[in-house]
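Here is how the chains run, residue by residue.
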Amino acid sequence: MTFLWPQFLWLLLAMPLLVLLYLWLIRRKKKLALRYASLSIVREAMSAGQTVRRHIPPLLFLLALGAMLIAAARPMAVVVLPSNQQTIILAMDVSGSMRAADVQPNRLVAAQEAAKSFLKELPRTVKVGIVAFAGSAQVAQLPTTNREDLVTAIDSFQLQRATATGNAIVVSLATLFPDAGIDISDFAPKSRQTGVPIERAGKPPPKEFTPVAPGSYTSAAIIMLTDGQRTTGVDPLDAAKVAADHGVRVYTVGIGTVDGETIGFEGWSMRVRLDEETLKAIANKTQAEYFYAGTANDLKKVYNTLSSRLTVEKKETEISALFAMGAAALALLSAGLSLLWFNRIL
């Protein structure tokens, strides 16, 4: 716990003085009672039960005063709060290697089932978009809260050739920021950029963009799942830099064989290997995390972990109100017990 105004904590040093003052008043009252009352009255007044009771209300009031002083110092603590994450983009690999059966029943089906389980865990208020990528990346479902549309999009995946992880990040960013002018063509080598893309013709140029701190955009996140390494398209680290400049975290999930595996289908074969180094670099650059899922159960656990992390977050928050409420409750309890037992306050 930290304090915004720690100088107020010095006032807590006065608490022992108040205790000494209280003990002096108790002794003074005893002397007066012995001087003006009969011994039988004194013995009745100073019985064990009464002695314990008479100290409880002042003790509670002293605790209330201490809580008020702590509240005045404006304490700060890290607490778990509901996240304001409003949009999540699931970028899912649909390259041919996803038919490999090292993750049962195969990588694609395991990823689809885990993604649908992930949707069930999310609050209904969170929008989710789907981006499918192989040799290119396309929006399979624009961000929506309609879980049925999202499940339909996930179930309609069609396997394709090649893997363009960088394109997946760019298309996901373009989906999150439709007015930012983010486009795949911006990542082409300068020598190949001979004109304005058709889709941009006649449109005003995008506004000048000022980069923000990585991970600072808390209203959206991207989760990218892949089982291979980039074979075409935009360099994923270049795409990750754009995500970092927009403050968007890109959580990466690796599925399949790290060391590499040769898989075959309908007479052709291909060598696939999970590029963990690049996936970790993407996550680190955007202030996110990398997860490895070697089995279907691992993949479900990863999505469950991401669900809990994206729906709650730890924030340093001022908790002065909690101490103030505690002080008020202790003060009221002190006054109530004093009236109940002695017909007076303290």
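Details of the structure are given in the entry above.
Please read all numbers here as calculations on a predicted model, not as lab measurements. (Residues numbered from 1 in each chain as written. Predicted model: local features only at pLDDT ≥ 70, side-chain atom pairs only at ≥ 80, totals over all residues. Heavy atoms only, no water.)

Q: I keep staring at helix H8 (residues 276-285) and nothing clicks. Help me out?
A: Each α-helix winds once per 3.6 residues, and so residues spaced three or four apart point in a common direction. Every buried residue of H8 is listed here: Glu-276, Leu-279, Ile-282 and Ala-283. All buried residues of H8 lie within an arc of 125° about the axis, which places them on one face of the element. In H8, the exposed positions that point more than 90 degrees away from the buried face belong to Glu-277 and Asn-284. Next to the buried residues of H8 lie helix H6 (165-176), strand S6 (220-226), helix H7 (236-245), strand S7 (249-255) and strand S10 (290-293). Gln-287 lies just past H8 and shows a positive phi near 60°. (Buried < 20%, exposed > 50% of the residue type's maximum accessible area, 1.4 Å probe, protein only. Helix = DSSP H or I, 4+ residues; strand = E, 2+ residues; numbered from the N terminus. Arc of directions from axis to C-beta. Contact = heavy atoms within 4.5 Å.)

Q: Help me out: how do you make sense of helix H4 (residues 107-121) in this one?
A: Here H4 contains 15 residues, and its C-alpha end-to-end distance of 21 Å stays within 8% of the 21 Å for a straight helix at 1.5 Å per residue. Three or more residues of H4 are buried, namely Arg-107, Leu-108, Ala-110, Ala-111, Gln-112, Ala-114, Ala-115, Lys-116, Phe-118 and Leu-119. (Expected span 1.5 Å × (residues − 1).)

Q: Mind showing me how you'd approach the packing of aromatic side chains here?
A: The description of an aromatic ring pair uses the distance of the two centres, along with the angle that the planes make with each other. Scanning the entire structure with this criterion turns up 3 aromatic pairs. Ring centres 5.2 Å apart and planes at 55° place the aromatic pair Phe-177 and Tyr-217 in the tilted group. With Phe-177 in the loop between H6 and S6 and Tyr-217 in the loop between H6 and S6, this pair connects stretches of sequence that are 40 residues apart. Residue Phe-177 is classed as buried on the basis of its relative accessible area of 15%. In this structure, Arg-74 is placed above the aromatic ring of Trp-5, and the distance from its NZ or CZ to the ring centre is 4.9 Å. (Phe/Tyr/Trp six-rings, centres within 6.5 Å; stacked < 30°, edge-to-face > 60°. Lys NZ or Arg CZ within 6 Å of the ring centre and 35° of its normal.)

Q: What's the story with the sheet that holds strand S3 (residues 87-93) in this structure? I'm lost.
A: The sheet built from 6 strands is open, its strands ordered S5-S4-S3-S6-S7-S10 with mixed pairing. Only two strands of the sheet have a single partner each, and these edge strands are strand S5 (137-144) and S10. If you compare each strand with its neighbour and ignore which way they point, the axes differ by 15° on average. Bridge count for strand S4 (residues 127-133) against S5 is 5 bridges, and the pairing is antiparallel. Opposite Val-128, over in S5, you have Thr-144 as the bridge partner. Along the sheet face, helix H5 (residues 147-155) touches S4 and S5 and points at about 165° away from the line of S5. (Pairing = 2+ DSSP bridges. Axes fitted to C-alpha atoms, helices over the stretch in contact; angles between N-to-C directions.)

These figures come from the coordinates and say nothing about function on their own.
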